[in-house]
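Coordinates in review
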Amino acid sequence: ASALARSGRRVLPGLPGTFWVRYESYAMMRVPTFALTPPSRDELHDTLRHSRSAVASYLLEPDESHPANACLYICNNRSYCLENLSVAGRRDARRAGRSLRIEFVDWPTVMAHGFTAFSETRTRVGLSDGTVEQFQNRFHQFSLNPFHCAVGAWQDDSLVAFMTLVVFDDWVEIEGSFSADNSRTSCPNDGLAHFVLTHFLIKRSFNTVSYGLSSIQDAQQAIGLHSYKKKVGFDAKPVHRAFVLHPLLRPFSNPLMLRGARMVTKMLPQNRVIKKASGMLMTLLEN
């Protein structure tokens, strides 16, 4: 939390072992993502008030009042190995192992060689932020935190894919995964996931590796990510993803605003913030 604050992120305390951090420009998210203990009303009120954010987001165990509406991808299998994966999972991880060299990479290497993988991934998922400026800003800020690191996949002298990680205590979260278009037949993302799970769960005896949450944006894209994350060894744990609006904004959570957000999304389909806001509104109204 201190390292994030030093890099300019807004950070507020939460329950023991958790804190809240600014996400995008309008939201506060609870960290670590996989924390499922309900926050108190006072904690939510203070988080929204002191951060001046539009919304606070966190996860809960599903129950009758909080139905499952998302998946948390997590692996804490201390016996993880290729043999436990599906036929496709074993095949693709081995293909990556034969074709690529996978290792930890430092931040100057990511900055010097990672733009193509970043840019082509962002374009592939329908976003417009795969620019040099966004790349440099994102990874410069991310590299300032000593608990952040990266793993890369090399094909000859080209960094064809890389994953960015948050590593703390006995858990790891995969923050991002990026790969170049011409490398996809070598299955670099499968190879990177296998490297991360083997290194942290088996070699270093960590307790948990998280691969984040299912998307609140594009349903078709979410289906592909869901299949990939399960294939490489992560369990899809049903959770309730809660969004709490600032009291002043709650009157705007209505079907009319959702229709408007969807119209804007169609007009600006590559805008990530608008897509997320539309998905958040849909989740709020469904619940």
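Quick look at the structure, then. Computed from a predicted model, the values in this text were never measured in an experiment. (Residues numbered from 1 in each chain as written. Predicted model: local features only at pLDDT ≥ 70, side-chain atom pairs only at ≥ 80, totals over all residues. Heavy atoms only, no water.)

1. Topic: the nonpolar core
Among the nonpolar cores identified, the biggest contains 31 residues, and Met163, Leu165, Phe200, Val209 and Phe234 are the most heavily contacted of them. Counting residues per element, the ones that place at least two in this core are strand S5 (70-75), helix H3 (87-99), strand S7 (148-155), strand S8 (158-168), strand S9 (171-179), helix H7 (188-203) and strand S10 (208-213). A per-element tally of this core places H7 first, with six residues. If you look at the next biggest cluster of nonpolar residues, it comprises 23 residues, including Leu36, Val105, Phe139 and Phe162. (Core = buried A, V, L, I, M, F, W, Y, C linked by side-chain atoms within 4.5 Å. Buried < 20%, exposed > 50% of the residue type's maximum accessible area, 1.4 Å probe, protein only. Helix = DSSP H or I, 4+ residues; strand = E, 2+ residues; numbered from the N terminus.)

2. Focus on the sheet that holds S8
The strand order across the open sheet formed by 11 strands is S1-S2-S3-S4-S11-S5-S10-S9-S8-S7-S6, and the pairing between neighbours is mixed. The open sheet has two free edges, formed respectively by strand S1 (11-13) and strand S6 (101-105), since each of these has just one partner strand. Across the sheet, the axes of successive neighbouring strands diverge by a mean angle of 30°, strand direction being ignored. Across three bridges, S9 lies against S10 in parallel orientation. From the neighbouring strand, Val172 faces S10, where its bridge partner is Val209. Packed onto the sheet, helix H5 (residues 115-124) meets S8 and S9 and runs at close to 85° relative to S9. (Pairing = 2+ DSSP bridges. Axes fitted to C-alpha atoms, helices over the stretch in contact; angles between N-to-C directions. Contact = heavy atoms within 4.5 Å.)

3. Focus on helix H6 (residues 132-143)
Compared with an ideal rise of 1.5 Å per residue, which puts 12 residues at 16 Å, H6 spans 16 Å between its outermost C-alpha atoms and is within 8% of the ideal. Buried residues of H6: Phe135, Phe139 and Phe142, and no others. Projected down its long axis, H6 shows its buried positions confined to an angular sector of 55°, all on one face. Contacts from the buried residues of H6 go to helix H4 (107-113), H5, S7, S8 and S9. (Expected span 1.5 Å × (residues − 1). Arc of directions from axis to C-beta.)

4. Some words on unusual backbone geometry
Cis rather than trans, the peptide bond between Val31 and Pro32 has omega equal to 0°. Mapping Pro32 onto the fold places it in the loop between strand S3 (27-31) and helix H2 (41-51). The backbone phi angle of Arg52 is positive, close to 55°, even though this residue is not glycine. By secondary structure assignment, the location of Arg52 is in the loop between H2 and strand S4 (55-60). Backbone geometry at Cys187 places phi at a positive 55°, although glycine is not the residue there. Positionally, Cys187 belongs in the loop between S9 and H7. Judged by its relative accessible area of 9%, Cys187 falls in the buried class.

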